[in-house]
Amino acid sequence: MSDKMHRRAFIRTAVLGAAAIPTLIAAAETLPMLDVKDATAVALGYVPDATKVDAKSNPTYKAVQTCANCVQFQGKPGEKAAACPLFVGKSVAAGGWCKVWIQKPGT
Ligand code: SF4
């Protein structure tokens, strides 16, 4: 394949990829909120308000831990809710928490 053909293939791929980004962002914005009664949410002790975490049942919990500063949270700073890979197809509250919280680097 010539350099010219490589360049065309690269540009075509870049344009198609860029065109898909708004669709992916829109999909994330419209995800329904996770139901606290969801079986996985219950198993992981998810709460939409981290101030309501039962500290006795969750001794590793610290008051500074929220979904917003968890490595799994897919939202941008300031967003009230976003996707979490643990709950496919759902949004979690930025102020929420669950047992598998891991600090996001830089937070
Ligand atoms: Fe929140 Fe992180 Fe648990 Fe997802 S894994 S629900 S972002 S604490």
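Residues numbered from 1 in each chain as written. Predicted model: local features only at pLDDT ≥ 70, side-chain atom pairs only at ≥ 80, totals over all residues. Heavy atoms only, no water.

## Notes on the packing of aromatic side chains
Okay, so step 1: Within the structure shown, the criterion is met by 2 aromatic pairs.
Okay, so step 2: Ring geometry for Y46 against F87: centres 6.0 Å apart, planes inclined by 55°, an arrangement best described as tilted. Here Y46 is found in the loop between α2 (39-43) and β1 (81-83), whereas its partner F87 is found in the loop between β1 and β2 (91-93), with 41 residues between them in sequence.
Okay, so step 3: Residue class for F87 comes out buried when judged on its relative accessible area of 4%.
Okay, so step 4: Pairing Y61 with W97 gives two aromatic rings, centres 5.1 Å apart and planes at 75°, and the pair type is edge-to-face. Residue Y61 is located in the loop between α2 and β1, and its partner W97 is located in the segment after β2; the two are separated by 36 residues in the primary sequence. Across the pair, W97 and Y61 agree in class, each one buried. (Phe/Tyr/Trp six-rings, centres within 6.5 Å; stacked < 30°, edge-to-face > 60°. Helix = DSSP H or I, 4+ residues; strand = E, 2+ residues; numbered from the N terminus. Buried < 20%, exposed > 50% of the residue type's maximum accessible area, 1.4 Å probe, protein only.)

## Some words on the site of the ligand
Okay, so step 1: Close contacts around the ligand come from Y46, C67, C70, Q72, F73, C84, L86, F87, C98, V100 and W101, and that covers them all.
Okay, so step 2: Judged by the proximity of its atoms to the pocket grid, the ligand belongs to the largest cavity.
Okay, so step 3: Residue composition of the shell around the ligand, by class: 10 nonpolar, 1 polar and no charged. (Near = heavy atom within 4 Å. 1 Å grid on protein atoms, 1.4 Å probe; cavity = no way out; pocket = protein on both sides within 12 Å on 5 of 7 lines; lining within 4 Å. Sits in = over half its atoms within 2 Å of the grid points. Nonpolar A, V, L, I, M, F, W, Y, C, P; charged D, E, K, R; others polar.)

## Topic: the environment of D38
Okay, so step 1: On the secondary structure map, D38 appears in the loop between α1 (3-29) and α2.
Okay, so step 2: A residue is classified by how much of its surface remains accessible, and D38, at 29% relative accessible area, is partly exposed.
Okay, so step 3: Residues D38 and F87, spaced 49 residues apart in sequence, show a C-alpha to C-alpha distance of 9.4 Å.
Okay, so step 4: Polar contacts involving the side chain of D38 include one to the main-chain amide nitrogen of T40, which spans 2.8 Å. (Polar contact = N/O pair within 3.5 Å; in protein donor to acceptor, adjacent residues only side chain to side chain.)

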